[in-house]
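A closer look at the structure
This is what each chain is made of:
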Amino acid sequence: MAKNGSAIPIAATGAEGGPARSYQLLIDVAAPVRVAVGRLGEFEFPAGLYCYTGSARRNFEARIRRHLSPAKKLHWHIDYLLAAPGVRVREVRRFAEEECQLNRRTAGESPVPGFGASDCRAGCGSHLKRLSEDRFQRTEDSSVTGRKAPAKNTVFCPLTRKRLCR
Ligand SMILES: [Zn+2]
């Protein structure tokens with residue numbers, strides 16, 4: 001158990017190429033869940049792996065801790081999703097890269113238009129993406145990398161291709 005009483009694992013990796021200013025939360029949605037996302041309205045989130053991209057210019061680590069804390073006033077769109085049953089943060093990744101650039105090179109569908117994008121001026125459409133686990137597994141196929149094929153349940157981070165725990 002971590003100091004704050006949470007059992008959520010936090011990636012120890014820092015950002016490469018400078019101080020972290022953006023981050024991605026890899027989020028497990030265990031079963032389909034209907035969530036009222038503040039003023040955006042109610043949406044159905046299919047089960048799967050999601051990626052939320054955000055940034056904090058100041059108090060970066062405090063922002064991450066806030067995302068991981070179950071006790072908070074719901075304010076951002078992501079707060080509503082993370083408060084839903086069966087939804088948990090699997091991993092946190094930190095980046096020096098600008099948040100919208102990071103978001104746009106993350107492949108996935110956007111189930112909720114406008115999610116987390118209230119302040120986005122780059123036209124991302126959504127800062128929450130649903131990732132295709134199948135596709136990421138295939139990128140680590142032995143025929144591509146020459147390495148041993150991963151176990152069936154193995155999931156890889158779409159950005160680093162590092163194995164994620166299940
Ligand atoms: Zn954006």
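Rules behind the numbers
Residues numbered from 1 in each chain as written. Predicted model: local features only at pLDDT ≥ 70, side-chain atom pairs only at ≥ 80, totals over all residues. Helix = DSSP H or I, 4+ residues; strand = E, 2+ residues; numbered from the N terminus. Buried ≥ 20, exposed ≤ 12 C-beta atoms within 10 Å, placed from the backbone. Contact = placed C-beta atoms within 7 Å. Pairing = 2+ DSSP bridges. Axes fitted to C-alpha atoms, helices over the stretch in contact; angles between N-to-C directions. Core = buried A, V, L, I, M, F, W, Y, C linked by C-beta atoms within 7 Å. pLDDT = per-residue confidence, 0-100.

A separate point is the overall build of the protein. The secondary structure content of the protein amounts to five helices and eight strands. Listed by position from the N terminus, the elements making up the protein come as β-β-β-β-α-α-β-α-β-α-α-β-β. Counting over 166 residues, the protein shows a buried share of 27%. Across the protein, the fraction of contacts at a sequence separation of at least 24, relative to all contacts at a separation of at least 6, is 59%.

We now examine unusual backbone geometry. In the Ramachandran plot, Asn59 falls in the positive-phi region, its phi being about 50 degrees despite a non-glycine side chain. Note that Asn59 resides in the loop between strand E4 (48-55) and helix H1 (60-68). Judged by local crowding, Asn59 falls into the exposed class, with 10 C-beta atoms found within 10 Å.

What follows deals with the sheet that holds E4. Pairing in this open sheet of four strands is antiparallel, and the strands run E5-E1-E4-E6 from one edge to the other. Looking at strand neighbours, the two that pair on one side only are strand E5 (87-95) and strand E6 (128-131), the edges of this open sheet. Strand after strand, the sheet turns through a mean of 25 degrees between neighbouring axes, direction not considered.

Counting residues in each nonpolar core, the largest one holds 26 residues, and the members touching the most others are Leu25, Ile27, Tyr50, Tyr52 and Leu81. At the level of elements, strand E1 (22-29), strand E2 (33-37), E4, helix H2 (77-82), E5 and E6 are the ones that each hand at least two residues to this core. Here this core gets five residues from one element, more than from any other, and that element is E1. Leaving out residues up to four positions away in the same chain, Leu81 has contacts with Val35, Val37, Phe45 and Val87.

What follows concerns the environment of Lys72. Looking at the element boundaries, Lys72 is found in the loop between H1 and H2. For the pair formed by Lys72 and Ala83, sequence separation is 11 residues and the distance between their alpha carbons is 9.4 Å. In this structure, Lys72 is in contact with Arg66 and Asp79, ignoring residues within four places of it in sequence.

Turning our attention to the environment of Asp79. Summarising the element assignment, Asp79 is placed in helix H2. By C-beta crowding, Asp79 is classed as partly exposed, having 16 other C-beta atoms within 10 Å. For Asp79 and Ser69, which are 10 residues apart along the polypeptide, the C-alpha to C-alpha distance reads 9.8 Å. For Asp79, the residues in contact, after removing those within four places along its chain, are Lys72 and Leu74.

The next subject is the confidence of the model for the protein. This prediction gives the protein a mean pLDDT of 81; 69% of its residues lie at or above 70. The weakest mean pLDDT in the protein belongs to helix H5 (residues 142-145) at 38; the strongest belongs to H2 at 98. The low-confidence segment residues 1-13 (pLDDT under 50) makes 13 contacts with residues lying over four places distant or belonging to another chain. Every residue in residues 135-150 is under pLDDT 50, and counting partners more than four places away or in other chains gives 19 contacts.

What follows is about the environment of Glu42. Within the secondary structure layout, Glu42 lies in strand E3 (residues 41-45). Assessed through the 9 C-beta atoms surrounding it within 10 Å, Glu42 is described here as exposed. Between the alpha carbons of Glu42 and Val112 there is a distance of 9.5 Å; along the sequence they are 70 residues apart. Residues in contact with Glu42, not counting those within four places in the same chain, are Arg34, Val35 and Ala36.

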